[in-house]
Amino acid sequence: MFWTLARPESWIVLLLVAALLAFRRNRPRLGQRTLLTSLLLLLGIGILPLGELLIRPLEQRFPARPEVVDPAGIIILGGAEDARTTEATGLPEVNEAGDRFLAGLALARAHPGARLIFTGGSGSLLDQGVSGADAAERLFAEAGVAPERVLLEGASRNTAENAALTRELVGAAEGPWVLVTSAFHMPRSVATFCAAGWRDVVPYPVDYRGAGNLPFGWDLAERLRTLNTVVKEWIGLVAYRLTGRTEALVPDGC
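Residues numbered from 1 in each chain as written. Predicted model: local features only at pLDDT ≥ 70, side-chain atom pairs only at ≥ 80, totals over all residues. Heavy atoms only, no water.

1. Quick word on helix 8 (residues 159-170)
Filter applied, for reference: The numbering of helices and of strands both runs from the N terminus, where a helix is a DSSP run of H or I of at least 4 residues and a strand a run of E of at least 2. To estimate how far a helix should reach, multiply one less than its number of residues by 1.5 Å. Burial classification: accessible surface area is computed with a 1.4 Å probe over protein chains only, and a residue below 20% of its type maximum counts as buried, one above 50% as exposed, and the rest as partly exposed. By the convention used here, residues are in contact when the closest approach between their heavy atoms is within 4.5 Å. For the purposes of these results, a polar contact is taken to be a pair of N or O atoms within 3.5 Å, where, inside protein, one atom must be able to donate a hydrogen and its partner to accept one; residues adjacent in sequence count only when each atom of the pair is a side-chain atom.
Compared with the 16 Å implied by 1.5 Å per residue over twelve residues, the 17 Å span of helix 8 between its first and last C-alpha is a close match. All of the buried residues in helix 8 are Thr159, Ala160, Glu161, Asn162, Ala163, Thr166 and Val170. Contacts made by the buried residues of helix 8 are with strand 1 (73-77), strand 2 (115-119), strand 3 (150-153), strand 4 (177-182), helix 9 (186-195) and helix 10 (220-242). Residue asparagine 158 occupies the N-cap position of helix 8, its side-chain oxygen lying 3.2 Å from the main-chain nitrogen of alanine 160. A positive phi of about 70° marks glycine 171, the residue just after helix 8.

Below, the structure is given as C-alpha cells:
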C-alpha cells in the first residue's frame, strides 16, 4: 500500500491532481508552477538515465559469475515466476527476472549433487491463493530436474520470510549455499540471509538492469520501469535496516 504512493509515477499523478485543485480554487500561478514541475519531472525521467545511475551501486556490490565449489544447495529467490499466468495456462511462465531460473537450472546441471531450492509464496496483499512455489515446481519438472533434488518453500511473502522459512526448511545443514536473485536485489537478500543465521552464502547475481552504457534519450516506459525498480529496492534496504531485519544497509557477505 505504501509503495502505491511512493512509486515515481504516483508522484506525477499527485502533482497533476494538485495542479487541478489549484486551478479550481482560483490559484492559477500555483497551478502553473505545479503543472510545470510535473512536466519537468516527466521529461527528466524519460530522458535522463536516473534509474540506471541509482541501480548500478547495488548491481556492482557482488561480482558476476563467482566461483562455485561443491555447493550444498542452490537457492532461487521468488519473483521471476508468473504464478497467475502459470495457473491459468498450465504452462511454466516467467517474467523479466527469468534469468533467476536460467541461472539456477544451469547451476543445478553443473553441480548434480546440490539441492535445488526455491523460496517464494505470494507477495500480493489481496491474493494469497497463488504461490510462486507452485509455478517453480512445474518449471523444474518440465526442465527435467529430479523431484527428489527439489525443495520448495511456498509460504514466504517477502525477502525476510524467504530467508527465515528456508532456513527452517534446510535446518542445520552446512553450505556453501549459492543464492540466486536479481543483481539489484542481491545486497538486501544477502543482508537478510545473514541476519537470519545463514553462513557460507555465495551471492550469484543475475538479471542486470543497469549494465552497459548510460545513453541519454527519450524512453519513458523503460526508464520509468528501471526507476520504479531501484526506488523500491532502496526503500526496502532502508526499511529492512530500520526494522532490524538486516544488520547492515549494504553488506559484504556472510
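2. What to know about the packing of aromatic side chains
Heads up, the rule is: Each pair of aromatic rings taken from Phe, Tyr and Trp, with Trp reduced to its six-membered ring, is defined by centres within 6.5 Å and is described as stacked if the planes are under 30 degrees apart, edge-to-face if over 60, and tilted in the remaining cases.
Inspection of the entire model under this criterion finds four aromatic pairs. Taking the centre distance of 5.8 Å and the plane angle of 10° together, the rings of phenylalanine 101 and phenylalanine 118 count as stacked. Separated by 17 residues along the polypeptide, phenylalanine 101 in helix 6 (residues 99-110) and phenylalanine 118 in strand 2 bring together distant segments of the chain. Phenylalanine 101 gets classed as buried once you look at its relative accessible area, which sits at 3%.

3. Considering the packing of helix 4 (residues 50-59) against helix 10
Filter applied, for reference: Helix axes are fitted only over the stretch in contact, all axes being lines through C-alpha atoms; the angle between N-to-C directions runs from 0 to 180 degrees. The cut-offs work like this: below 35 degrees is roughly parallel, past 145 is roughly antiparallel, 65 to 115 is roughly perpendicular, and the gaps in between are oblique. Each crossing gets its handedness from the near helix: less than a right angle anticlockwise from the far helix is left-handed, clockwise is right-handed. Amino acids outside the nonpolar list (Ala, Val, Leu, Ile, Met, Phe, Trp, Tyr, Cys, Pro) and the charged list (Asp, Glu, Lys, Arg) are all regarded as polar, and Gly is one of them.
Packing of helix 4 against helix 10 leaves a shortest axis separation of 8 Å and a crossing angle of 40°. As far as their axial angle goes, helix 10 and helix 4 are oblique. Here the hand of the crossing between helix 4 and helix 10 comes out left-handed. Mapping the contact onto sequence places Leu50, Gly51, Glu52, Leu54, Ile55 and Leu58 in helix 4 and Arg223, Thr226, Leu227, Thr229, Val230, Glu233, Trp234 and Leu237 in helix 10. Here the contact of helix 4 with helix 10 is composed, by residue class, of eight nonpolar, three polar and three charged.

4. Describing the nonpolar core
The cut-off we apply is this: For our purposes a nonpolar core is just a set of buried Ala, Val, Leu, Ile, Met, Phe, Trp, Tyr and Cys residues, chained together by side-chain atoms within 4.5 Å.
Counting 24 residues, the largest nonpolar core has Ile74, Phe101, Leu116, Phe140, Val178, Val180 and Tyr204 as its most contacted members. Only strand 1, helix 6, strand 2, helix 7 (132-142), strand 4 and strand 5 (201-206) provide two or more residues apiece to this core. If one sorts the elements of this core by residue count, helix 6 sits on top with five residues. Not counting the four nearest positions on each side in its chain, valine 178 is found in contact with Val68, Pro71, Gly73, Ile74, Ile75, Leu107, Val202 and Tyr204. One finds Ile75, Ala163, Met186 and Cys194 within the second-largest nonpolar core, a separate group that totals 15 residues.

5. Section: helix 4
Every α-helix winds through 3.6 residues per turn, so residues three or four apart in the chain are directed the same way. Note the threshold: Summarising the geometry, the arc corresponds to the directions from the helix axis toward the C-beta atoms.
Those residues of helix 4 that fall on the buried side of the exposure criterion are Gly51, Glu52, Ile55, Leu58 and Glu59. Buried residues along helix 4 cover an arc of 115° about the axis, so they all sit on one side. Buried residues along helix 4 sit in contact with helix 9 and helix 10.

6. Description of the sheet that holds strand 4
For clarity, the cut-off: DSSP calls a pair of strands paired once it identifies at least 2 bridges connecting them.
Here we have five strands laid out as an open sheet, ordered 3-2-1-4-5, and parallel in their pairing. Of all strands in the sheet, those with a lone pairing partner are strand 3 and strand 5, marking the two edges. Direction aside, the axes of adjacent strands within the sheet are offset by 20° on average. The pairing of strand 4 with strand 5 spans six bridges and is classified as parallel. Looking across to strand 5, one finds that valine 178 is bridged to valine 202. Set on the sheet, helix 7 makes contact with strand 1, strand 2 and strand 3; between it and strand 3 the angle comes to about 160°.

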